[in-house]
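Geometric and topological summary
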Amino acid sequence: MDYFLPVFTSLLICNHIHPWRGADAQSSFTIRDISISLEPSSDVARGTNVTVRCQALVSISGTAALSREYTIYKDGITVYTKNMGSSDDLLYRLPDARVPNTGKYKCRINIDGRWMTSESKKLKVTGLSAPQFHINKGVVSEGEELTAKCTAPGETGSIIFYFYDNSKEIREERVNSNTSEVKLHFNSVGIHKLYCSYTIPVTPDSFQSEKSQPLTLTVKEFLITPVLEIFPNNNVYEGDRLDILCTIRNLVYNSGTVHLYLSRGTQLLSRGDTNVNHSMIALAKDSEEFECRLEMGKVVKVDTKKVPVIELFSVPTLTMSPKEVFHKENMTLTCKSSSYASERLHRDQLTYSLDPPGSLQIPKTTGVFFVKALLYEFNYTCIAQAKGIHKYSKPLTVRPKVTVSTPRISVVGRAVLGRPFKIHCQSDVGSLPINYTLFKEYEELSKASVRRPSENALFTVTIDRPEDINKFMCEAKNSPLSSSEIPLSKRLDAAVVVPLSHPALTVIPVLPEIAEGDHVFMICSVKGTPPVTFKWYYDGKDKPIFTTTSDTNHTDYQIPALSKEHSGTYYCEAVNYANNVVRSAPIIIEVRLASWKKALIIGFCLLVVSVLVVVCVLCFRAKRGKVERVDISVWSERPPQAAHEEESSTVSNEPDVEYTEVVHPQQGDNARAAAVPLRKGTETVYSELQKSALGAAEHHDYGCVEYADLNGEHANMNHRQSGFNNCQDLPVPVD
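Note that this is a predicted model, so its numbers are computed, not measured. (Residues numbered from 1 in each chain as written. Predicted model: local features only at pLDDT ≥ 70, side-chain atom pairs only at ≥ 80, totals over all residues. Heavy atoms only, no water.)

1. Notes on the overall build of the protein chain
In terms of regular secondary structure, the protein chain is built from six helices and 53 strands. Within the protein chain, the proportion of its 735 residues that are buried is 34%. Total accessible area on the protein chain is roughly 44,400 Å²; 52% of this is exposed by carbon and sulfur atoms. (Helix = DSSP H or I, 4+ residues; strand = E, 2+ residues; numbered from the N terminus. Buried < 20%, exposed > 50% of the residue type's maximum accessible area, 1.4 Å probe, protein only. Areas by Shrake-Rupley, 256 points an atom, 1.4 Å probe, with all protein chains shown as cover.)

2. A look at the sheet that holds strand 29 (residues 330-336)
With respect to topology, three strands assemble into an open sheet ordered 28-29-31, the strand pairing being antiparallel. Each having just a single partner strand, strand 28 (317-321) and strand 31 (368-372) make up the two edges of the open sheet. The average undirected angle you get between the axes of adjacent strands in this sheet is 25°. As judged from the five bridges shared by strand 28 and strand 29, these two strands associate in the antiparallel manner. Looking at strand 29, one finds that Ser-321 is bridged to Thr-332. (Pairing = 2+ DSSP bridges. Axes fitted to C-alpha atoms, helices over the stretch in contact; angles between N-to-C directions.)

3. Details of the environment of Gly-85
Inspection of the secondary structure puts Gly-85 in the loop between strand 5 (77-84) and strand 6 (90-94). With residues up to four places along the chain from it excluded, the contact list for Gly-85 reads Ala-65 and Leu-66. (Contact = heavy atoms within 4.5 Å.)

4. What about the side chain of His-192?
Note that His-192 resides in strand 16 (residues 190-202). Within the local environment of His-192, its side chain forms a polar contact with the backbone oxygen of Ser-188, the two atoms lying 3.0 Å apart. Ignoring anything within four residues of it in the chain, the contact list for His-192 reads Asp-165, Asn-166, Phe-186, Leu-215, Thr-216, Leu-217 and Val-219. (Polar contact = N/O pair within 3.5 Å; in protein donor to acceptor, adjacent residues only side chain to side chain.)

5. Structural notes on the nonpolar core
A general trend in soluble globular proteins is that nonpolar side chains are found buried together. Counting 25 residues, the largest nonpolar core has Val-58, Tyr-70, Tyr-105, Ile-109 and Leu-123 as the members making the most contacts within it. Those elements that place two or more of their residues in this core are strand 1 (28-39), strand 3 (50-61), strand 4 (68-74), strand 6, strand 7 (103-111) and strand 9 (121-126). Leu-123 has contacts with Leu-38, Ser-41, Ser-42, Val-44, Val-50, Leu-94, Asn-101, Thr-102, Gly-103 and Tyr-105, leaving out every residue within four places of it along the chain. (Core = buried A, V, L, I, M, F, W, Y, C linked by side-chain atoms within 4.5 Å.)

This is how it looks when you write it as structure tokens:
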């Protein structure tokens, strides 16, 4: 028992920490598919019993039942939810389906947090019930209230009802029930045909019902009416007095609250309960309609009349002369009415005035005024009056022109000698249009007119000499009367750019004297207007080796320490504001050796020659000395040391051979040579002529031989003497 208790506890803890694994231990499952179907069909008629079936296919192992949560959606909104422990299909029933049931349906299943959603299926329900229309009265008086009710039997959801009078829609109501009741009023007398219909909106469509059966309504006229009277009502002239009366006919005291309104156009003249009186002076604008309006509850009745009013005089017009004036210039303002009623008005009765009057002079004649133009823009209005009637002209705006100022003359861009350039003439003050004239020494060259602020007076000219630039002047005027008052501009003062010419490249020091280590100046000079940009080029390279800009007509490029690498062809280019590039003739610089190098080379050559001469002389003298001092000996008997050496040599059967020793006497050898006597005899004298090509010579025991070195050099002599002690090195005798 003590053994199973810890094991059981561990299992409970593991199951608590990993519930999913615990569920898996009981049963495993997977949702394979889910589908939705509409029965009997996706398109049904109104009143059909529809079933939405949700079917899920779930694979499971084990015997434990799974809790399945189903959800039905219509157009994305949840309409039904149910939990099931079995694998049966979920059924969502729509008994007696209506148009509002139309929509897209889909199903979702959720098992222990794992879910799947089916595809959507659209259900379409067609057919609406016929609307039913009712009214509470068949006969009403003008403005009397009527109750109308429209019903959509068996329909549900949001419904829009429409009410019609003789095919004209008179009311719209949106409700969430299948019945709508409204209050209606009718002001037109006669027979009215009333009916209704309704619409059920189903996103994204809407379904319209048929029309209800029409009902007849009779509207009786109220005998009470408004009456409008105007005195006088014909041959009315401006200035005449009009008396207007608005009353009620057939007024019944128990008719209710009554209101009268008298108006002209949009202007309300007066109001009252039973009658309205109004008096006014007739004007031409009073030709509009007068209206007498009666309001009693919902009943509205109107009586209108229009009284033609004859114009006494026309609206005046204001004109000015001349059409354009300058500051403080005199001008004439004329105010006139083009017509007047001569049968009612004499011309002298019509007077004119100007507004404002402050700047006016005494009028010369009726409606004519002399005025001095102001310094700024101003508005004038003309007033015509007669028999208490005042009429105003449209405002006349007088814009005095500003006299043009003395123009300024300048060059646009740069003036280049011999090329066309533009001259700009402009006045800082002056009303447009302004006419400009260009002069050269008071001789007219050209004209230009500026009519808009964006325009400029530009003249194109060409000069051949720089001093000609100061001969140009210009004139500006914007009035024929002001030409004599406006002076000419100042003479044109501008720099003239002379194009570059005559380029030259000069080298200091002069070319034949240039040597290594010299400080060389390459001076490039031109004729023309500075500033000038100079460029130096070497051996046809595309890029310059040096570039500089100078305010003078010449500048230089320096090489401080010249070397052989600087030899080559050089040239320079120059350009100024005229943008014409000029190039100098190329020069060839050949860098010669420095003077000290030349002296060093000459000294070295002399030294070499001297050494050669000394060597030749020494060689020649050495040869002559050899010939004089050669001592040749032929021994008949061997010297004692040779005899001693012979005793220790190997005995040979060959006859004795004696060698000739050719000795170059040196210091210390003369005594030995004198001590050795020359031996004469019949012995053969051999000459040693040994070559490496003869191979190894046979061994002969001739005794030791002493050789003479004909070169007479001590080192070689000593070397050979060291070899004389080895008798085995003797050459093979010549046969």
